[in-house]
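Remarks on the overall topology
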Amino acid sequence: MLEVRGIKKSFDKNLILNGLGFRVNKGDVVTIIGPSGSGKTTLLRCIDFLERADEGRLVFDDEEFDFAHVSKKQIYEIRRRIGFVFQSHHLFNNKTALGNVTEGLITARKIPKAEAERIGKEVLDKVGLSDRYHYFPSQLSGGQQQRVGIARAMAAKPDVILFDEPTSALDPELIGEVLGVMKMLAKEGVTMVVVTHEMSFARDVANRVIFMEKGVIVEEASSSDFFNRPREERTRQFLNRVFPTVEYAI
Ligand SMILES: Nc1ncnc2c1ncn2[C@@H]1O[C@H](COP(=O)(O)OP(=O)(O)O)[C@@H](O)[C@H]1O
Ligand SMILES: [Mg+2]
């Protein structure tokens with residue numbers, strides 16, 4: 001459904017994405033893990049054209065785009081099909097939960113307000129915020145704010161939702177409620193690409209894992225192969241650090 005081929009991106013003279021590629025099928029939950037600074041955020045931002053890649057191709061079903069040469073109209077079309085959940089702080093502080101979720105529907109999609117609010121309430125109900133429609137971000141916990149962010153991404157019914165470390169800015173006791181919502185979406189068959197440090201999510205919810213470092217993919221595998229039978233020495237090192245007591249079959 002979505003494929004990235006040979007994507008390259010430099011900032012100044014630093015090569016951050018070095019020609020990597022991967023494929024996401026409908027219903028996949030793909031986690032991208034790797035040390036900080038490896039280019040994970042840059043990769044997601046390039047896919048959503050928040051950042052412009054220097055080279056590479058993006059394939060969406062049977063449409064192919066050149067990252068370096070797309071029109072504004074094409075970017076708009078691509079963005080319609082992609083939802084993005086940021087690490088944090090991406091809600092409008094002067095809008096309620098419902099206002100944040102409906103804003104894009106009303107302004108970008110030109111959906112009438114009443115219909116947008118019906119959709120908005122439906123998605124807020126889904127993420128467990130049916131009693132928080134009219135709360136402002138400052139009146140919500142970090143976990144609730146992230147759930148509004150997820151509801152906002154869902155509201156536009158994108159083909160795929162990209163998550164950039166959606167729980168990494170949260171207090172530990174709030175992480176579970178956000179992962180719980182993501183797990184529910186995964187069960188419903190929502191296609192997701194999730195950058196995360198939550199290994200339990202990668203292992204138990206995702207069907208595929210991509211381990212990247214220094215702008216390239218070190219290893220890509222089904223989650224059970226990745227965690228039980230890693231092929232690369234670098235992956236084993238990484239896993240040994242994350243799960244120090246587990247021995248891996250070689
Ligand atoms: N806008 C930017 N300008 C310059 N360098 C950047 C910018 N965004 C990211 N980088 C650099 O790119 C590298 C990868 O960053 P990032 O994609 O955020 O990695 P990750 O999400 O894996 O931690 C880092 O060295 C970072 O400093
Ligand atoms: Mg990042």
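Residues numbered from 1 in each chain as written. Chains lettered and ligands numbered in written order. Predicted model: local features only at pLDDT ≥ 70, side-chain atom pairs only at ≥ 80, totals over all residues. Heavy atoms only, no water.

Below, the discussion takes up the sheet that holds strand β3 (residues 29–33). What holds strands together in a sheet is hydrogen bonding between their backbones, with the strands either parallel or antiparallel. Taking strand neighbours across the sheet as the criterion, the six strands line up as β6-β7-β8-β3-β9-β10 in an open arrangement whose pairing is mixed. With partners counted over all chains shown, the strands left at the sheet margins are β6 (82–85) and β10 (216–222), one partner each. Taken pair by pair, the neighbouring strands of this sheet meet at an average axis angle of 15 degrees, ignoring direction. Across four bridges, β6 lies against strand β7 (residues 160–164) in parallel orientation. Each bridged residue has a counterpart across the sheet, and for F84 the counterpart in β7 is L162. Taken strand by strand, helix α5 (residues 142–155) contacts β6 and β7, and its axis lies near 175 degrees from that of β6. Along the sheet, helix α9 (residues 233–242) contacts β3, β9 (208–213) and β10; its crossing angle with β9, the most-contacted strand, is approximately 100 degrees. (Pairing = 2+ DSSP bridges. Helix = DSSP H or I, 4+ residues; strand = E, 2+ residues; numbered from the N terminus. Axes fitted to C-alpha atoms, helices over the stretch in contact; angles between N-to-C directions. Contact = heavy atoms within 4.5 Å.)

So, on to the site of ligand 1. Around ligand 1 sit F11, I16, P35, S36, G37, S38, G39, K40, T41 and T42, and that is every residue in its neighbourhood. Between an oxygen atom of ligand 1 and a main-chain N or O atom of G37, the distance comes to 2.7 Å. Between ligand 1 and the protein, one listed contact pairs an oxygen atom with a side-chain N or O atom of T41 at 2.8 Å. Expressed as a share of its isolated accessible area of 560 Å², the protein-covered part of ligand 1 is 58%. When residues of the shell around ligand 1 are assigned to their parent elements, the largest contribution, three residues, is made by helix α1 (residues 40–47). Class assignment of the residues belonging to the shell around ligand 1 gives a composition of three nonpolar, six polar and one charged. (Near = heavy atom within 4 Å. Polar contact = N/O pair within 3.5 Å; in protein donor to acceptor, adjacent residues only side chain to side chain. Areas by Shrake-Rupley, 256 points an atom, 1.4 Å probe, with all protein chains shown as cover. Nonpolar A, V, L, I, M, F, W, Y, C, P; charged D, E, K, R; others polar.)

All right, on to the nonpolar core then. Membership of the largest hydrophobic core comes to 37 residues, with the highest contact counts inside it found for L124, I150, F163, M182 and M192. With eight residues, the top contributor of residues to this core is helix α6 (residues 172–187). Those residues in contact with I150 that sit more than four places away from it in its chain are V85, V127, F163, V178, V181, M182 and L185. Ranked by size, the runner-up nonpolar core spans 32 residues in total, among them V30, C46, I75 and I82. (Core = buried A, V, L, I, M, F, W, Y, C linked by side-chain atoms within 4.5 Å. Buried < 20%, exposed > 50% of the residue type's maximum accessible area, 1.4 Å probe, protein only.)

A separate point is the packing of aromatic side chains. In total, this model carries five aromatic pairs according to the counting rule given. For the pair F211 and F238, a centre-to-centre distance of 4.6 Å together with 35 degrees between the ring planes defines the contact as tilted. Linking F211 in strand β9 with F238 in helix α9, this pair joins segments that are 27 residues apart in sequence. Judged by its relative accessible area of 0%, F211 is buried. The class for F238 is buried, based on a relative accessible area of 12%. By the ring-pair criterion, three or more aromatic residues cluster together here, those being F211, F226, F227 and F238. The ring of F60 is capped by R81, whose NZ or CZ atom sits 4.2 Å from the centre of that ring. (Phe/Tyr/Trp six-rings, centres within 6.5 Å; stacked < 30°, edge-to-face > 60°. Lys NZ or Arg CZ within 6 Å of the ring centre and 35° of its normal.)

What follows covers the packing of helix α3 (residues 97–107) against helix α4 (residues 113–126). For any two helices packed against each other, one specifies the crossing angle of their axes together with the interaxial distance. Packing of α3 against α4 leaves a shortest axis separation of 9 Å and a crossing angle of 130 degrees. Comparing the axis directions of α3 and α4 gives the class oblique. By crossing handedness, the relation of α3 to α4 is classed as right-handed. When α3 is examined against α4, the residues A97, L98, V101, T102, L105 and I106 are found in contact with a partner set consisting of K113, A116, E117, I119, G120, K121, V123 and L124. Here the contact of α3 with α4 is composed, by residue class, of nine nonpolar, two polar and three charged. (Parallel < 35°, antiparallel > 145°, perpendicular 65-115°, else oblique. Left-handed = near helix turned anticlockwise from the far one by under 90°.)

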